[in-house]
Amino acid sequence: MSTEDARPLARTAYGMVEGRTEQRVAVFRGIPYAAPPVGPAAFAAPAPPASWDGVRDAGAFGPTAPKVPYPEPFAALLPDPDVPGDDCLNLNVWTPDPAPGARLPVMVWIHGGALTRGSSACPVYDGAAFARDGVVLVSVNYRLGVLGYGLFPDAPANRGLLDQIAALAWVRDNISAFGGDPERVTVFGESAGAISIGSLLAAPRAAGLFSRAVLQSGAPEVLPRDRVRTVVRRMASLLKVPATARAFAAVDPTVLLAAQAAVLRRSGPLLGGPAFGLVTDPGTLPGDPLDALVAGRASAAVPLLLGWTTEEYRLWLAPTGMQRHLDRLGPLAVALARRRSGKDRAAVRALRAGLPAAGAGDVAGHLLTDLRLRDPLRRLAAAPGRRAPAHLYEFGWRSGIPGLGACHALELGFVFDTLAVPESSWLAGPEAPQALADEMHAAWVAFATHGDPGWDADDPRSRKALHAPYDGAGRPKEFGGPARAADLGAERTGRTTPTRVLP
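What comes next is a walk through the structure.

Calculation rules
- Residues numbered from 1 in each chain as written.
- Predicted model: local features only at pLDDT ≥ 70, side-chain atom pairs only at ≥ 80, totals over all residues.
- Heavy atoms only, no water.
- Salt bridge = Lys/Arg side-chain N within 4 Å of Asp/Glu carboxyl O.
- Helix = DSSP H or I, 4+ residues; strand = E, 2+ residues; numbered from the N terminus.
- Axes fitted to C-alpha atoms, helices over the stretch in contact; angles between N-to-C directions.
- Parallel < 35°, antiparallel > 145°, perpendicular 65-115°, else oblique.
- Left-handed = near helix turned anticlockwise from the far one by under 90°.
- Contact = heavy atoms within 4.5 Å.
- Nonpolar A, V, L, I, M, F, W, Y, C, P; charged D, E, K, R; others polar.
- Pairing = 2+ DSSP bridges.
- Polar contact = N/O pair within 3.5 Å; in protein donor to acceptor, adjacent residues only side chain to side chain.
- Core = buried A, V, L, I, M, F, W, Y, C linked by side-chain atoms within 4.5 Å.
- Buried < 20%, exposed > 50% of the residue type's maximum accessible area, 1.4 Å probe, protein only.
- Patch = residues over 30% accessible without salt bridge, like charges linked within 9 Å, V, L, I, M, F, W, Y side chains within 5 Å.
- Areas by Shrake-Rupley, 256 points an atom, 1.4 Å probe, with all protein chains shown as cover.

**With respect to the pattern of salt bridges**
As enumerated under the stated definition, the model contains 21 salt bridges in all. Ionic pairing is found between aspartate 291 and arginine 379, a salt bridge with its closest N-O pair at 3.3 Å. Here aspartate 291 is found in helix H8 (residues 289-294), whereas its partner arginine 379 is found in helix H13 (residues 360-381), with 88 residues between them in sequence. Salt bridges sharing partners connect three or more residues here, namely Glu311, Arg314, Asp362 and Arg398.

Structure, rendered in structure tokens:
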């Protein structure tokens, strides 16, 4: 491995793989952790992959799970490569030392995308910086949409979650060959990936497969089974087939995805509607994961790193014009959001006092973000049944793209230290601060290595509080600073410099 031309080798339980050396890091891409989910297996639980003879080339990303592209304008903001092929249950490994016995900490990335889009091939998720800093980074693909989360009478529920568990079992059994320590595995994910980790923390089948967890902009949740069944039934009506896994497996995959896209067109993270999601199920998720975690019935000893961006909602509202529409609705928009969030009028008054320049769209967005993210994550962090520390953060740096602010998914290029990747600028703009990426990436590396993100580590007055479980008091650790009321007012009147970096 002395040159970039070296071809590192590693032996898995299913055969030998040959990777590439890039920037002094060994990279193995497209390694199967389960058999291709095609034909009768499309809606089945994941099965082990077939073994192979000789050396398997692991130089390129493997196929991505079947999905449809993001619609405009989101396609211009969220890169989502599509790699064709059936063998989509695969993973990638970046490691600084592929020698067995190195015993390096391991991080396993579970991507977001509303459980209908996304993949491990996104350039922003490149794991080289983690490997550079002594961590073995694994990223995984899993089944999406109706294939992963459709609810059928003749198929197991939560198949995407079963895929993730199969990938973690592969890590347990094989990561030593890539220099990783199977006893020091941290799972981390964003949005739907964080929601998935909330369920992994509570799923009996995932117990013991990881020792730390990071939830970025996603809280443990399950959807009502009827809400998920509605998607399947509406698809079945469009396809003119029974609402069974057997019937859906016989439909051309392109036609199946088109029906899925049509049914989900009017749904959204804030607006609700029919959706695919995790459900309670005796075989995979016996109860509500948030309730189980708060009560200490699951993963009470797993250290947690939890957080959100200051203006999560702007990714969904600003690009579509919904932000301006809510501003025009004024008090009606705030009243509807207040009712849905369950907040009282005093909470709205306090929010307005803190953001006096905010319009109705921002007030409504904050209320809905409290409902979906901040309130449940704070509840989890301060849960009396927990025995391990929980560290909270808030990402407040505002994007250089006008209107996005400190929106959902903006922190990803900072966590992965991939601001130099062209696709990072799609969401962050051209002048994202590298110093902030250095700080945030280092905290994730420290958490995976030591179980402590290390912020304010040199301040003896705060050290005890940072190590203790979050008790509901005080503010989270701030990355980039919260969005300022003055910036919101300037943005609404058009007097703003979008690429300015907030302190």
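**Brief notes about the packing of helix H5 (residues 225-239) against helix H7 (residues 253-264)**
For any two helices packed against each other, one specifies the crossing angle of their axes together with the interaxial distance. It is the contact of H5 with H7, at a shortest axis distance of 9 Å, that shows an interaxial angle of 125 degrees. The pairing of H5 with H7 is recorded here as oblique in orientation. In terms of crossing hand, the pair formed by H5 and H7 is right-handed. Residues Val231, Arg234, Met235, Leu238 and Leu239 of H5 pack against Val255, Leu256, Ala259, Gln260, Ala262, Val263 and Leu264 of H7. Its residues placed into classes, the contact of H5 with H7 shows 10 nonpolar, one polar and one charged.

**Focus on the sheet that holds strand S4 (residues 25-32)**
Here 10 strands make up an open sheet; going across it, the order is S3-S4-S6-S8-S7-S9-S10-S11-S12-S13 and the pairing mixed. Taken across any chain shown, the strands that pair with only one partner, and hence form the sheet edges, are strand S3 (20-22) and strand S13 (477-479). For this sheet the average axis-to-axis angle between neighbouring strands, irrespective of direction, equals 20 degrees. One ladder, built from six bridges, connects strand S11 (residues 304-309) with strand S12 (residues 390-395); its direction is parallel. Pairing of leucine 304 across the sheet is with alanine 390, part of S12. Running over the sheet, H13 touches strand S10 (212-216), S11 and S12 and is turned about 160 degrees from S11.

**Digging into the sheet that holds strand S5 (residues 55-57)**
Strand order across the open sheet formed by three strands is S1-S2-S5, with mixed pairing between neighbours. The outermost strands of the open sheet, each flanked by one partner alone, are strand S1 (9-12) and S5. Shown here is a sheet whose adjacent strand axes are inclined to one another by a mean of 35 degrees, direction ignored. Strand direction decides the pairing type here: S1 and strand S2 (residues 15-18), joined by four bridges, are antiparallel. Looking at S2, one finds that alanine 10 is bridged to valine 17.

**Things to note about the side chain of lysine 67**
With respect to the helices and strands, lysine 67 occurs in the loop between S5 and strand S6 (90-95). Engagement of the side chain of lysine 67 in a polar contact is seen with the backbone oxygen of proline 81, the distance being 2.9 Å. With residues up to four places along the chain from it excluded, the contact list for lysine 67 reads Asp80, Pro81, Asp82, Thr116, Arg117, Gly118, Ser119, Leu144 and Leu257.

**Considering the nonpolar core**
Phe43, Val93, Phe178, Phe210 and Phe248 are the most contacted members of the largest nonpolar core, which has 94 residues in total. Discounting chain neighbours no more than four positions away, the residues touching phenylalanine 248 are Phe43, Val146, Phe152, Val232, Met235, Ala236, Leu239, Val241, Pro242, Ala243 and Leu256. Residues Leu78, Trp397, Ala428 and Met440 belong to the second largest nonpolar core, which totals 45 residues.

**Examining unusual backbone geometry**
Cis geometry marks the peptide bond from glutamate 72 to proline 73, where omega comes out at 5 degrees. Mapping proline 73 onto the fold places it in the loop between S5 and S6. With a phi angle near 60 degrees, arginine 103 is a residue other than glycine that sits in the positive phi range. In this structure, arginine 103 sits in the loop between S6 and strand S7 (104-110). When its relative accessible area of 40% is taken as the criterion, arginine 103 is described as partly exposed. Of note in this structure, leucine 115 is not a glycine but carries a positive phi near 60 degrees. The topology assignment puts leucine 115 in the loop between S7 and helix H1 (128-132).

**As for a nonpolar patch on the surface**
A cluster of nonpolar side chains, namely Leu329, Leu332 and Leu336, defines an oily patch on the protein surface of about 260 Å² accessible area. Tracing the backbone through its elements, the reader meets leucine 332 in helix H11 (residues 331-341).

**A word on the pairing of S6**
Of all six residues in S6, six are buried; the element is thus mostly enclosed. Residues Asn90, Asn92 and Trp94 point to one face of S6 and Leu91, Val93 and Thr95 to the other, with burial holding for every one of them. Across five bridges, the pairing between S4 and S6 is antiparallel. Across the sheet, residue proline 32 finds its bridge partner in S6, namely asparagine 90. In the sheet, S6 pairs with strand S8 (residues 136-140) via four bridges, with the strands oriented antiparallel.

**Some details on the pairing of S1**
Because side chains alternate across S1, one face comprises the buried residues Ala10 and Thr12, and the other comprises Leu9 and Arg11, none of which is buried. Between the end of S1 and the start of S2, which pair antiparallel, lie two residues.

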